[in-house]
Amino acid sequence: NAGVTQTPKFQVLKTGQSMTLQCAQDMNHNSMYWYRQDPGMGLRLIYYSASEGTTDKGEVPNGYNVSRLNKREFSLRLESAAPSQTSVYFCASSEGVGYGYTFGSGTRLTVV
Amino acid sequence: AQKITQTQPGMFVQEKEAVTLDCTYDTSDPSYGLFWYKQPSSGEMIFLIYQGSYDQQNATEGRYSLNFQKARKSANLVISASQLGDSAMYFCAMGLGASGTYKYIFGTGTRLKVLA
């Protein structure tokens, strides 16, 4: 099925460990996004990529890096995980202004 | 400041009745989009409906309609004929941006429970 694929679905990290969340879309969308969802706070934008080769910070970028590897793939890296990064992470893509996002199924990350 | 506010943390509705979920927004940008998403207990985010700031007519998608009142800066979601499967978390979001990219600001959500 066409859509946004995120891996892994679940992950437990120890404080200080690093990991990369992978995201790929097969809808030929230009724009891709990473959000985190925390209880009572809705979703907050971490980074986004308007097109292949560009990335920009969102509302909560500290502690994260991203790579837009090609038009399909947009990865999120935690270099040194902290308990405050325990969250559900969503990747999304969009055809453009005026179109809704297509979200991945999410990654539930716990940092202990 | 750009902000989305959902003031109803939780709502109950009887099956087959209509329900309105409130959303107010704040932006000084003349061009923006308003979106509603549904998040069932399984966790995925499902796009429901979109309203552009320049659209004259209220958006409708099946049983979903968006009551857009620009002067009041409100974008309420109306679900007609509620079904048990409508029980979920609902998020209002505002899309802002240019050059073909919308960045969303999300509200904190409203949890809807449909009663049999």
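Here the structure is a predicted model, which is why all the values come from computation and not from measurement.

What follows is about the pattern of salt bridges. All told, the structure shown has five salt bridges over all chains when counted by the stated rule. Between A:Arg44 and A:Asp38 there is a salt bridge, with its nearest N and O atoms 2.8 Å apart. A residue is classified by how much of its surface remains accessible, and A:Arg44, at 16% relative accessible area, is buried. Exposure remark for A:Asp38: the relative accessible area of 10% places this residue in the buried category. A salt bridge links B:Asp26 to B:Lys73, with the nearest nitrogen and oxygen atoms 3.4 Å apart. One end of the pair, B:Asp26, is in strand β4 (residues 24-26); the other, B:Lys73, is in the loop between β8 (64-69) and β9 (74-79), and 47 residues separate them in sequence. The class of B:Asp26 is partly exposed, set by a relative accessible area of 34%.

All names here are of chain A. Across the sheet, four strands lie side by side as β1-β3-β8-β7; this open sheet has antiparallel pairing. Both outer strands of the open sheet, β1 (4-7) and β7 (64-68), are each paired with one neighbouring strand and no more. Each strand axis lies, on average, 15° off the axis of its neighbour in the sheet, ignoring direction. Relative to strand β3 (residues 19-25), β1 is paired through four bridges, and the arrangement is antiparallel.

The next point concerns the side chain of A:Ser93. Residue and element names in this part refer to chain A. Following the sequence through the fold, Ser-93 ends up in strand β9 (residues 87-94). Within the structure, Ser-93 has its side chain in polar contact with the side chain of His-29 (distance 2.8 Å). Filtering out sequence-adjacent residues up to four positions away, Ser-93 remains in contact with Val-4, Gln-25, Met-27, His-29, Ser-31, Met-32, Tyr-33, Gly-100, Tyr-101 and Thr-102.

Here the focus is unusual backbone geometry. A cis geometry characterises the amide bond from A:Thr7 onward to A:Pro8, with omega recorded as -5°. Mapped onto the fold, A:Pro8 is located in the loop between β1 and β2 (10-13). Positive phi, normally seen in glycine, also occurs at B:Lys73, with a value near 55°. Although it is not a glycine, B:Ala81 adopts a positive phi angle of roughly 45°. Here B:Ala81 lies in the loop between β9 and β10 (88-96). B:Ala81 gets classed as partly exposed once you look at its relative accessible area, which sits at 37%.

Turning to the packing of aromatic side chains, a few remarks are in order. All names here are of chain B. Under the counting rule described, the total for this entry stands at 22 aromatic pairs over all chains. Between the aromatic rings of Tyr-37 and Phe-47, the centroid separation amounts to 5.7 Å while the plane-to-plane angle is 55°, which identifies the pairing as tilted. Of this pair, Tyr-37 sits in strand β5 (residues 33-39) while Phe-47 sits in strand β6 (residues 46-52), and the two are 10 residues apart along the sequence. Where Tyr-104 meets Phe-106, the ring centres are 5.6 Å apart and the plane angle is 55°; that geometry is what we call tilted. Judged by its relative accessible area of 3%, Tyr-104 falls in the buried class. Its guanidinium or amino end placed over the ring of Tyr-64, Arg-63 lies 5.7 Å from that ring's centre, counting from NZ or CZ.

About the cut-offs
Sequence order as written defines residue numbering, which begins from 1 separately in each chain. The lettering of chains begins at A and the numbering of ligands begins at 1, in the order of writing. Reporting in this predicted model follows two pLDDT cut-offs: at least 70 for local features of residues, and 80 or more for side-chain atom pairs to be given and counted; totals over whole chains, interfaces and linings ignore these cut-offs and use all residues. To obtain the side-chain values, all non-hydrogen atoms of the structure were included, while hydrogens and water were left out. Here, a salt bridge means any side-chain nitrogen of Lys or Arg that lies within 4 Å of a carboxyl oxygen of Asp or Glu. For the exposure calls, accessible area comes from a 1.4 Å probe over protein chains only, and a residue counts as buried if that area is under 20% of its type's maximum, exposed if over 50%, partly exposed in between. A run of H or I in DSSP counts as a helix once it spans at least four residues, and a run of E counts as a strand once it spans at least two, with each numbered from the N terminus. Two strands form a pair only when DSSP identifies at least two bridges running between them. Axis definition: a line fitted to C-alpha atoms, over the contacting stretch in the case of helices. Angles run 0 to 180 degrees between N-to-C directions. Under this definition, polar contacts are N or O atom pairs within 3.5 Å; protein pairs additionally need one hydrogen-donor-capable and one acceptor-capable atom, and for neighbouring residues in sequence, both atoms have to be side-chain atoms. Should any heavy atoms of two residues lie within 4.5 Å, those residues are considered in contact. When the centres of two rings from Phe, Tyr and Trp lie within 6.5 Å, Trp using its six-membered ring, the rings pair. Their planes under 30 degrees apart give stacked, over 60 give edge-to-face, and anything left gives tilted. A positively charged side chain is recorded as over a ring if its NZ (Lys) or CZ (Arg) lies within 6 Å of the ring centre. The angle to the ring normal must also be within 35 degrees.

In short, the description is geometric, and any link to function would need to be established separately.
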